[in-house]
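Spelled out, the chains give:
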Amino acid sequence: MDFLTILGLAAATLTTTAFLPQMFKTWQTKSAKDVSLVTLITFITGVFLWLIYGIYLQSLPIILANGVTFIFNLIILWLKIRYR
């Protein structure tokens, strides 16, 4: 693995795991009142586009980061809707 791939994977790990505390807190408190629905939908759309871009480029760091982030944020969106 070359340096740029390792750098990308490190960035992917950090940016993806940044959403875990929000997801767990929303799950535990059963409250998503502080999560903006508009921001969440905008972010999910952007992450989905990044995922498509990464697939097109066949870039593992972009695919992994945005694939997992997309799933985490879909969970947060589901929790936001469920705990309304």
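Refer to the preceding data block for the structure.
As a starting point, this report considers the structure included with it.

Moving on, we get to the overall build of the protein chain. Regarding its fold elements, the protein chain presents four helices and zero strands. Each helix (α) and strand (β) of the protein chain, taken in turn from the N terminus, gives the series α-α-α-α. Its C-alpha atoms give the protein chain principal-axis dimensions of roughly 45 × 20 × 15 Å. Looking at the protein chain as a whole, 30% of its 84 residues qualify as buried. On the protein chain, roughly 5,900 Å² of surface is accessible, and the fraction owed to carbon and sulfur atoms is 72%.

A separate point is the environment of Thr5. By secondary structure assignment, the location of Thr5 is in helix α1 (residues 3-17). C-alpha separation for the pair Thr5 and Ile55, spaced 50 residues apart in sequence, amounts to 15 Å.

Located in the positive-phi region is Lys30, a residue other than glycine, with phi close to 55°. Note on placement: Lys30 falls in the loop between α2 (20-29) and α3 (37-57). The backbone of Gln58 sits at a positive phi, close to 55°, despite the residue not being glycine. Within the secondary structure layout, Gln58 lies in the loop between α3 and α4 (60-82). Under the relative-accessibility criterion, Gln58 is labelled exposed at 71%.

What follows deals with α3. In a regular helix each residue adds 1.5 Å, so 21 residues correspond to 30 Å; α3 covers 30 Å between its end C-alpha atoms and thus fits that length. Listing the buried residues of α3 in full gives Leu40, Ile44, Val47, Leu51 and Gly54. An end-on view of α3 places all buried positions within 85° of arc, on one side of the element. Opposite the buried face of α3, at more than 90 degrees from it, the exposed residues are Val38, Thr42, Leu49 and Tyr56. If you follow the buried residues of α3, they end up packed against α4. Positive backbone phi, approximately 55°, marks Gln58, located one or two places after α3.

Conventions we followed
Within every chain, residues take consecutive numbers counted from 1 along the sequence as written. For this predicted model, a pLDDT threshold of at least 70 governs which residues receive local features, and a threshold of 80 or more governs which side-chain atom pairs are given and counted, while totals over whole chains, interfaces and linings are taken from all residues. Just so you know, side-chain values use all the structure's heavy atoms and leave hydrogens and water out. Put simply, DSSP marks the helices as runs of H or I at least four residues long and the strands as runs of E at least two long, and each gets a number from the N terminus on. We call a residue buried when its accessible area falls under 20% of the maximum for its residue type, exposed when it is over 50%, and partly exposed in between, using a 1.4 Å probe and counting protein chains only. Throughout, the Shrake-Rupley method with a 1.4 Å probe supplies accessible areas, and for residues the shown protein chains are the sole cover considered. The span one expects for a helix is its residue count, reduced by one, times 1.5 Å. What the arc covers is the set of directions going from the helix axis to the C-beta atoms. What makes two residues a contact is simply this: any of their non-hydrogen atoms within 4.5 Å.

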